[in-house]
Amino acid sequence: MLYVKSKNEIYNGKLILDGLIQKIVEQSTIMPFNNNDLDFLYQESTVLSKVFYSNFNPGMKRMESLYKEILNDTGSDLKQYNKVVMLFMHSHSHQLMMNEFDKVSDIVSCFPQNVVIKWGLGVDESIGTRIALYLICSK
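Remember, it's a predicted structure, so these values are computed and weren't measured experimentally.

Caption draft 1: Layout of the pattern of salt bridges. All told, the structure shown has four salt bridges when counted by the stated rule. Of the charged contacts in the structure, one is a salt bridge between D106 and K103, with a shortest N-O distance of 2.7 Å. Using a relative accessible area of 24% as the deciding quantity, one classes D106 as partly exposed. Overall, the relative accessible area of 22% leaves K103 in the partly exposed class.

Encoded structure:
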């Protein structure tokens, strides 16, 4: 979903953002977000919201797979954003391990050096062995 604010679409844009923020806030999280963490999105001119999933790739770790999905989908488009919200999701039976977080620096490197990043960690039993990343970028 790509949301660009304009005077004509501010009402529809607010509804979209309301739904997005509510979804992130209501997630079962270990490191939670609250509405105040995401209120700044209402002031932004552009908001990009996507969900990425790690896919099974032989010889590739889950976080590497997630990084590959991001690169395949966005290319270098992420360089235009200066604020980022990342919510990583995993299941209790296949938790995200600390050694998998090494690859997060590669994901962060997709953004400009001065980017402001907020992140959280949550649980979604429906994704099984995969990792999901809710990525919200704004400028």
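Caption draft 2: The environment of T46, seen in detail. Along the polypeptide, T46 turns up in strand β3 (residues 46-53). Each C-alpha atom of the pair T46 and C137 lies 8.1 Å from the other, and the pair is 91 residues apart in sequence.

Caption draft 3: Molecular detail of the nonpolar core. Core analysis: the biggest nonpolar cluster contains 23 residues, and L78, M86, F88, I107, F111, L133 and L135 have the highest contact counts within it. Of all the secondary-structure elements, those providing two or more residues to this core are β3, α3 (62-74), β4 (83-90), α4 (104-108) and β6 (132-138). The dominant element in this core, judged by the number of residues it contributes, is α3, at four residues. If near-sequence neighbours (up to four positions away) are discounted, F111 is found in contact with L78, K79, V84, L135 and C137. Within the second largest apolar cluster, 16 residues are counted, among which are I21, V85, A132 and I136.

So, how was this worked out
- Residues numbered from 1 in each chain as written.
- Predicted model: local features only at pLDDT ≥ 70, side-chain atom pairs only at ≥ 80, totals over all residues.
- Heavy atoms only, no water.
- Salt bridge = Lys/Arg side-chain N within 4 Å of Asp/Glu carboxyl O.
- Buried < 20%, exposed > 50% of the residue type's maximum accessible area, 1.4 Å probe, protein only.
- Helix = DSSP H or I, 4+ residues; strand = E, 2+ residues; numbered from the N terminus.
- Core = buried A, V, L, I, M, F, W, Y, C linked by side-chain atoms within 4.5 Å.
- Contact = heavy atoms within 4.5 Å.

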